[in-house]
Amino acid sequence: MKLMLLAALAVAMPAVAQETPAPQTAATTDAATTPDPVGGYQPSQPALSGTPQPGVKPTFVQAPSPDQAFPPPPPLAKYPICKRGQFDKCMQRGGR
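From a predicted model like this one, the values you see are computed outputs, not experimental measurements.

What counts, and at which threshold
- Residues numbered from 1 in each chain as written.
- Predicted model: local features only at pLDDT ≥ 70, side-chain atom pairs only at ≥ 80, totals over all residues.
- Heavy atoms only, no water.
- Helix = DSSP H or I, 4+ residues; strand = E, 2+ residues; numbered from the N terminus.
- Buried < 20%, exposed > 50% of the residue type's maximum accessible area, 1.4 Å probe, protein only.
- Disulfide = S-S within 2.5 Å.

## Details of unusual backbone geometry
Here Lys-89, not a glycine, exhibits a phi torsion of approximately 55°, which is positive. Considering the arrangement of structural elements, one finds Lys-89 in the segment after α3 (66-69). The exposure class assigned to Lys-89 is exposed, which follows from its relative accessible area of 60%.

In structure tokens form, the structure reads like this:
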């Protein structure tokens, strides 16, 4: 009986709104201000700049190859031996 009364009170009580906004961390502000070194996936300019005029024929250009659009990063001068759980920018033991 007490359990049912507590459940009814919990449902009937209004929710408490959060008064203060969540604090921003340095990681979120740095990520927003630092540009992506690779270039990212967002186009550098809009596809259309305004409404096209009537009678103008659109021109279609073939997209660049994936190697040109997303070039691989340059190789490192030296790759250290991988530690446990590390898989990037290292080489396996016994590798050349």
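## A word on the state of the cysteines
Taken as a whole and judged by the stated rule, the model has one disulfide. Disulfide partner of Cys-82: Cys-90, at an S-S distance of 1.9 Å. Its S-S torsion of approximately 90° makes the covalent link between Cys-82 and Cys-90 right-handed. Judged by relative accessible area, which is 14%, Cys-82 ranks as buried.

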